[in-house]
Amino acid sequence: MSTDEQRAGVDLTNLDQELTEDSGATKRDLVDYLDAVADRMLPVLADRPLTVLRALRGRAPFMQKNVPKYTPDWVRTVGIWAEASKREIHYALCDDRRTLLWLANQRAIEYHPALGLADNIYRPTHLILDLDPPADADFSAVVAVANLVRRALTDSGLSGAVKTSGSRGVHIFVPIDDSAPGDDVAAATRALAARAEALDPSIATTAFIVEDRAGKVFVDATRAGGATVAAAYSPRLRAGTPVSFPVAWSDLDRVSPADFTVRTAVDALAGKDPWADEMPAAQRLPEDLIAHGHTIPVARVAAMHEGKRRARERATHRARSGGAAD
């Protein structure tokens, strides 16, 4: 494998290869973009166990948590026990430009840091709401619900920053202090989602089961605990290679997620760091918000029980229909 060039001591190879058939971008475009935004992106990655989405030639894209055996010894890592797989996972910590460029050369396209830092990934530094539109909705539907979330935050004495997800939705980040344990942060997230939904249930829903959403924007409150989320400025493996781009609240209704790609986002930044500029200081979660959230069932658990109940109903219905046919 020939080296095309070297940056920060990293050999960069095969830079003129397309990332994917519909990416509209080469590996060079990816490397150039990440290098250009490194000073903005590294602060949101630093000291956070990192999961990346890689797209290697001839293979299906895959999420990678455990660093490969050939990882250079200068890449900082942290070992975290994974209860589900009963093994220790060695995550990369992307703390510097050299590591970011090495990951880019590995065709790591998406960057999903943990919500907590390496010493405790289960204590989130931000409360996060992920707005997910139905398949046939345009971005204006997401903007309308994002403004509901902002109202719910204001009503609770909180404020946050917003960015496009790099797909079709948005992520709203609320920086929080370390006074609330992870379970309380998760509860407050559920409460905010419920309060946003209550402001206009005709356009917003907290229904975890897709068939129950009735064409509304889903206010996803499940990004908590040991979860990850696409970082600000992270490219996404979508047609055109869009990026997750920070937007001022006042500009949210003037943009489209497709406006920001690895080819266009650097110019759109115009030398600024909107994520740092728009992010409020860390805030203490109100006790009443936490208490409210603890009255709301955890969505995944509730959906699992509801799915089992519906399966039993369908089985009973089939049995009765079969009996009638006999």
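Details of the structure are given in the entry above.
Residues numbered from 1 in each chain as written. Predicted model: local features only at pLDDT ≥ 70, side-chain atom pairs only at ≥ 80, totals over all residues. Heavy atoms only, no water.

A. Local environment of the pattern of salt bridges. On inspection of all chains with the given rule, the structure shows 17 salt bridges. Its salt-bridge partner being Arg97, residue Asp35 comes within 2.6 Å of it at the nearest N-O pair. On the criterion of sequence distance, the pair formed by Asp35 in helix α1 (residues 27-36) and Arg97 in helix α3 (residues 97-105) is long-range, its members being 62 residues apart. Residue Arg97 is classed as partly exposed on the basis of its relative accessible area of 35%. Each of Glu5, Arg7, Asp16, Arg28, Asp32, Asp35 and Arg97 takes part in a single network of salt bridges with overlapping partners. (Salt bridge = Lys/Arg side-chain N within 4 Å of Asp/Glu carboxyl O. Helix = DSSP H or I, 4+ residues; strand = E, 2+ residues; numbered from the N terminus. Buried < 20%, exposed > 50% of the residue type's maximum accessible area, 1.4 Å probe, protein only.)

B. Region of the structure containing the sheet that holds strand β11 (residues 204-205). Pairing within the open sheet is mixed, and its six strands lie in the order β11-β12-β8-β10-β9-β13. Each having just a single partner strand, β11 and β13 (246-247) make up the two edges of the open sheet. Taken together, the four bridges between strand β9 (residues 161-164) and strand β10 (residues 170-175) define a ladder with antiparallel strand orientation. Bridge pairing in β10 links Lys163 to His171. Against the sheet, helix α4 (residues 139-155) contacts β8 (126-132), β9, β10, β11 and β12 (217-220), and its axis sits at roughly 15 degrees relative to β10. (Pairing = 2+ DSSP bridges. Contact = heavy atoms within 4.5 Å. Axes fitted to C-alpha atoms, helices over the stretch in contact; angles between N-to-C directions.)

C. Representation of the packing of aromatic side chains within the structure. This structure, assessed with the given rule, holds four aromatic pairs. Here the aromatic rings of Phe245 and Phe260 are separated by 4.0 Å at their centres, their planes lie at 5 degrees, and the arrangement is stacked. On the criterion of sequence distance, the pair formed by Phe245 in the loop between β12 and β13 and Phe260 in the loop between β13 and α6 (265-269) is long-range, its members being 15 residues apart. By relative accessible area, Phe260 is classed as buried at 7%. Between Arg59 and the ring centre of Phe62, over which it is positioned, the NZ or CZ distance is 4.4 Å. The lysine or arginine in question, Arg213, covers the ring of Phe218, its NZ or CZ lying 3.8 Å from the ring centre. (Phe/Tyr/Trp six-rings, centres within 6.5 Å; stacked < 30°, edge-to-face > 60°. Lys NZ or Arg CZ within 6 Å of the ring centre and 35° of its normal.)

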